[in-house]
Amino acid sequence: MTRSAPRRAALYVPRVTIEAELLEGARSGTARLQVLEAPRGAGKSSLLAQLASRLAAHQTIVAVIDLEPLCTTPADFARGFASQVLRAVEAVVDRSLLS
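Residues numbered from 1 in each chain as written. Predicted model: local features only at pLDDT ≥ 70, side-chain atom pairs only at ≥ 80, totals over all residues. Heavy atoms only, no water.

Trainee: Now, about the layout of surface pockets: what can you tell me, with residues and values included?
Mentor: Of the pockets and cavities examined, the largest pocket occupies roughly 1,400 Å³. Those elements giving two or more residues to the lining of the largest pocket turn out to be α1 (15-27), α2 (44-57) and α3 (74-98). Here the element with the most residues in the lining of the largest pocket is α2; it accounts for six residues. Here the residues of the lining of the largest pocket sort into 24 nonpolar, six polar and six charged. (1 Å grid on protein atoms, 1.4 Å probe; cavity = no way out; pocket = protein on both sides within 12 Å on 5 of 7 lines; lining within 4 Å. Points joined across faces, edges and corners; volume = space filled by probe spheres on them. Helix = DSSP H or I, 4+ residues; strand = E, 2+ residues; numbered from the N terminus. Nonpolar A, V, L, I, M, F, W, Y, C, P; charged D, E, K, R; others polar.)

Trainee: Residues and numbers for a nonpolar patch on the surface, please.
Mentor: On the surface, Leu67, Phe77, Phe81, Val85, Val89, Val93 and Leu97 cluster together into a nonpolar patch covering about 550 Å² of accessible area. If you trace the backbone, Phe81 turns up in helix α3. (Patch = residues over 30% accessible without salt bridge, like charges linked within 9 Å, V, L, I, M, F, W, Y side chains within 5 Å. Areas by Shrake-Rupley, 256 points an atom, 1.4 Å probe, with all protein chains shown as cover. Salt bridge = Lys/Arg side-chain N within 4 Å of Asp/Glu carboxyl O.)

Trainee: Explain the nonpolar core to me, and be specific about the residues and the numbers.
Mentor: Grouped together as the largest cluster of nonpolar side chains are five residues: Leu22, Leu23, Leu47, Leu51 and Leu55. Listing elements by their share of this core, those giving two or more residues are α1 and α2. Looking at which element gives the most residues to this core, the answer is α2, with three residues. When neighbours within four sequence positions are excluded, Leu55 is seen to be in contact with Leu23, Ala26, Arg27, Thr60 and Val62. (Core = buried A, V, L, I, M, F, W, Y, C linked by side-chain atoms within 4.5 Å. Buried < 20%, exposed > 50% of the residue type's maximum accessible area, 1.4 Å probe, protein only. Contact = heavy atoms within 4.5 Å.)

If you want it as structure tokens, here you go:
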């Protein structure tokens, strides 16, 4: 018999709350990792694109890493995640040098 991890109860957070928290975190000037998790079709990509656009208008550099394509095997995830992070960092550095 295989055991799986206990499922967490779904937590609904209104979009305006998510937007406010992500914007405040980005504008605070301290770099930090934000994880946005929701089912397919919930609007994660749309939300992040909107926020990235709003932040770019205020000269804030944003890097978005989509983990879904990386979720195959643990080894593929590790390689893919490292590669995605490297690309995001390179993009941030390139954009900051152009500013």
